[in-house]
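This is what each chain is made of:
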Amino acid sequence: MLSLSASKLRDLDILSKSDPMAVMYAKKRDGTLEELGRTEVIMNTLDPVWISKLTIAYHFEIVQPLVFQVYDVDTIYHNIPVKMLKLSEQEFLGEASCVLSEIVTKHSKSLTLPLQGRDGQKGMKNMGTITVHAEETVASRTYVEMILRCSNLENKDLFSKSDPFLIISRVVESGGSVPICKTEVANNNLNPTWKPLLLTMQQFGSKDNPLVIECFDFNSNGRHGRIGKLQKTLAELEKLHNEKTGAHFYSASSVQDHKKMLKGQLFVDKFCEDVQYSFLDYISSGFELNFMVAIDFTASNGNPRLPDSLHYIDPSGRLNAYQQAILEVGEVIQFYDSDRHFSAWGFGGRPIDGPVSHCFNLNGRANESEVEGIEGIMSAYTSALHNISLAGPTLFGQVINKAAKMASNALSYDQTKYFILLIITDGVITDLQETKDALVRASDLPLSILVVGVGGADFKDMEILDADNGQRLESSTGRVATRDIVQFVPMREVHSGQISIVQSLLEELPGQFLWYMRNRDIKPRYDADPQTSQASVSLSSSTLDLDSSY
């Protein structure tokens, strides 16, 4: 939710001051504007503080350009609802534009912008300023963690035991119920203990709100058999935990009259309340994402001087796949890095008068890998194509170890930095086990790795690195990765559909960041309780709901 105020607006009224109203737009890729909302009209002021809040859903994985326009509403229209006003009939006072990420990354979550003419024209001076402040529309960051267990469940299967799982629903005012979470399936088990459940206050409402807990026997055809049902509030579940007692299930048709009590019982082995911080809570309190990039310089990319090469620099300005990936990912992440100095490497190439290197600085310097801004990465990449001979093979291990070392060094003195390594490659790696070993070691560090596959190679083996199937990577010594830190996407698959490469790559990143911070008990840097401190306020309708990103 965004709050708007303005200062020192132009006075276009003769006998009084302007009567300003603000309008917020989303700017689309084609440059067109989509209106998102309007404030109320404030009478006779050049320094309005609008009460109306404008709502926008925050999405980490995309750039969200916004335009704010301010109008002086003529007196004859003051009795007309603002949504009905024709803007062409009002006097234009100025406009300003920014990207949503610029607002939410500010410590105050406030951004002041100078008002200009239409489309950013600077024809007039001193048109005033507009200030945008972001707030998060969450009722509370409180969550409850529970471990649920059942005993003596009824067996619904003939030749084996039931495969039980639980569905928890919230009872709503109409008397019906809305499912809010479910457990995993416990195979062949009449006395199951499920993995911990997290319920946010947005899900359960209050501790006195009734919850319906249903136990089902899983069937692969989707026709799950109900084992039993009971109704309890969170407060009652907490009491079960404190008293170490169980609650009996009832047959589905008799929850109200409690006449058919079943033998099976529900126990609460763990019940605790805590505060769940959001991704933006960390970012707005000073945590940063440090961007790094590694580019494939192997010979399979083709001669950069020829148009069919993946490294070909088109004189017309059309971006090749490498440039496109750098730009699209970088333009999102750059807002979360305050100094915008990014490390850039190449691998699989041969520098002039040197051996093949699997981790060289893209800028050509011996001891400095950083460049300035996304433009610096693009420039260093173009220059390197003139100074590096394409070679091979495709090895990831060294660049991953380099990024991991930087993350490890930073961790020793600063817990607020989280590192993002973008690897762009045209081929399947030839050091798969060495890469696995490097990734398993790096899984303990504040590091996520985004891999983009370009060109027509078969990237099936690459998907092993992306543990989306739930199986974590294992090293050559048998050590299992602490967490999944890799997201892989073939560029051709992304571009054949409607989802952008950025969305496909970045969708898991906030969850990986939160997993790391929460499991190391690293909290945002607040001076006060986040429930009451203004510093804790972030942004509305965040897509990073606490249940899905934990």
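Residues numbered from 1 in each chain as written. Predicted model: local features only at pLDDT ≥ 70, side-chain atom pairs only at ≥ 80, totals over all residues. Heavy atoms only, no water.

Details of the packing of aromatic side chains
Alright, step 1. Overall, the coordinates contain 18 aromatic pairs when judged by the stated rule.
Alright, step 2. Measuring from ring centre to ring centre gives 5.2 Å for Phe60 and Tyr336, while their planes differ by 55 degrees; the resulting arrangement is tilted. With Phe60 in the loop between strand 3 (33-38) and strand 4 (65-72) and Tyr336 in the loop between helix 5 (321-333) and strand 17 (341-347), this residue pair connects regions lying 276 residues apart in the sequence. Pair check on accessibility: Phe60 and Tyr336 agree, each one buried.
Alright, step 3. Ring geometry for Phe297 and Phe360: centres 5.5 Å apart, planes at 65 degrees, overall edge-to-face. Taken as a pair, Phe297 in the loop between strand 16 (288-296) and helix 5 and Phe360 in strand 19 (residues 360-361) lie far apart in primary sequence, 63 residues in all.
Alright, step 4. Overall, the relative accessible area of 7% leaves Phe360 in the buried class.
Alright, step 5. Cluster of aromatic residues (ring-pair linked, three or more members): Phe60, Tyr277, Phe279, Tyr282, Phe287, Tyr336, Tyr418, Phe513 and Tyr516.
Alright, step 6. Looking at Arg118, its charged tip hangs above the ring of Phe92, at a distance of 4.1 Å from the centre.
Alright, step 7. The aromatic ring of Phe267 is capped on one face by Arg149, whose charged end is 4.4 Å from the ring centroid. (Phe/Tyr/Trp six-rings, centres within 6.5 Å; stacked < 30°, edge-to-face > 60°. Helix = DSSP H or I, 4+ residues; strand = E, 2+ residues; numbered from the N terminus. Buried < 20%, exposed > 50% of the residue type's maximum accessible area, 1.4 Å probe, protein only. Lys NZ or Arg CZ within 6 Å of the ring centre and 35° of its normal.)

Let's talk about the pattern of salt bridges
Alright, step 1. A full pass over the atoms with the stated rule returns 12 salt bridges.
Alright, step 2. Between Lys207 and Glu238 there is a salt bridge, with the nearest N and O atoms lying 2.6 Å from each other. One end of the pair, Lys207, is in the loop between helix 2 (201-204) and strand 12 (210-217); the other, Glu238, is in helix 3 (residues 234-243), with 31 residues separating them in the sequence.
Alright, step 3. Classification of Glu238 by relative accessible area gives partly exposed; the value is 24%. (Salt bridge = Lys/Arg side-chain N within 4 Å of Asp/Glu carboxyl O.)

Focus on the nonpolar core
Alright, step 1. If you look at the biggest cluster of nonpolar residues, it comprises 81 residues, and the most contacted ones within it are Phe279, Leu289 and Phe297.
Alright, step 2. With 31 residues, the next largest nonpolar core counts Met292, Ile449, Ala481 and Ile485 among its residues. (Core = buried A, V, L, I, M, F, W, Y, C linked by side-chain atoms within 4.5 Å.)

Points about unusual backbone geometry
Alright, step 1. A cis amide bond links Gly392 to the next residue, Pro393, at an omega of 0 degrees.
Alright, step 2. When you line up the elements, Pro393 lands in the loop between strand 21 (388-390) and helix 7 (397-411).
Alright, step 3. At Asn188, a position not held by glycine, the phi torsion is positive, near 55 degrees.
Alright, step 4. We note that Arg340 has phi near 55 degrees; this positive angle belongs to a residue other than glycine.
Alright, step 5. Of note, Arg340 is situated in the loop between helix 5 and strand 17.

Some remarks on the confidence of the model for the protein
Alright, step 1. Residues with a pLDDT of 70 or more make up 90% of the protein, whose mean pLDDT is 87.
Alright, step 2. Every residue in residues 527-550 scores below 50 in pLDDT, and together they form 76 contacts with partners more than four places removed in sequence or on other chains. (pLDDT = per-residue confidence, 0-100. Contact = heavy atoms within 4.5 Å.)

Thoughts on the side chain of Ser443
Alright, step 1. Considering the arrangement of structural elements, one finds Ser443 in the loop between helix 8 (432-442) and strand 23 (447-453).
Alright, step 2. Taking the relative accessible area as the measure of exposure, Ser443 reaches 0% and is therefore buried.
Alright, step 3. Here the side chain of Ser443 touches Thr482 through a polar contact of 2.9 Å, landing on its backbone nitrogen.
Alright, step 4. Dropping the residues within four chain positions of it, Ser443 is found in contact with Ala481, Thr482, Arg483, Ile485 and Arg520. (Polar contact = N/O pair within 3.5 Å; in protein donor to acceptor, adjacent residues only side chain to side chain.)

Notes on helix 3
Alright, step 1. Among all positions of helix 3, only Leu234, Leu237, Leu240 and His241 are buried. All buried residues of helix 3 fall inside an arc of 110 degrees around its axis, so they share one side.
Alright, step 2. Turning to helix 3, the residues buried within the fold contact strand 8 (142-151), helix 2, strand 12, strand 13 (225-233), strand 14 (247-250) and strand 15 (261-275).
Alright, step 3. A positive backbone phi angle near 55 degrees is found at Lys244, which sits one or two residues after helix 3. (Arc of directions from axis to C-beta.)

Observations concerning the pairing of strand 22 (residues 417-425)
Alright, step 1. Judged by how many residues are buried, strand 22 sits mostly within the fold: eight of nine residues are covered.
Alright, step 2. In terms of strand pairing, strand 16 meets strand 22 through eight bridges, oriented parallel. Bridge assignment links Asn290 to a residue of strand 22, and that residue is Phe419.
Alright, step 3. In this fold, strand 22 hands off to helix 8, which returns the chain to strand 23; that crossover is right-handed. (Pairing = 2+ DSSP bridges. Right-handed = clockwise from strand over helix to strand, strands pointing away.)

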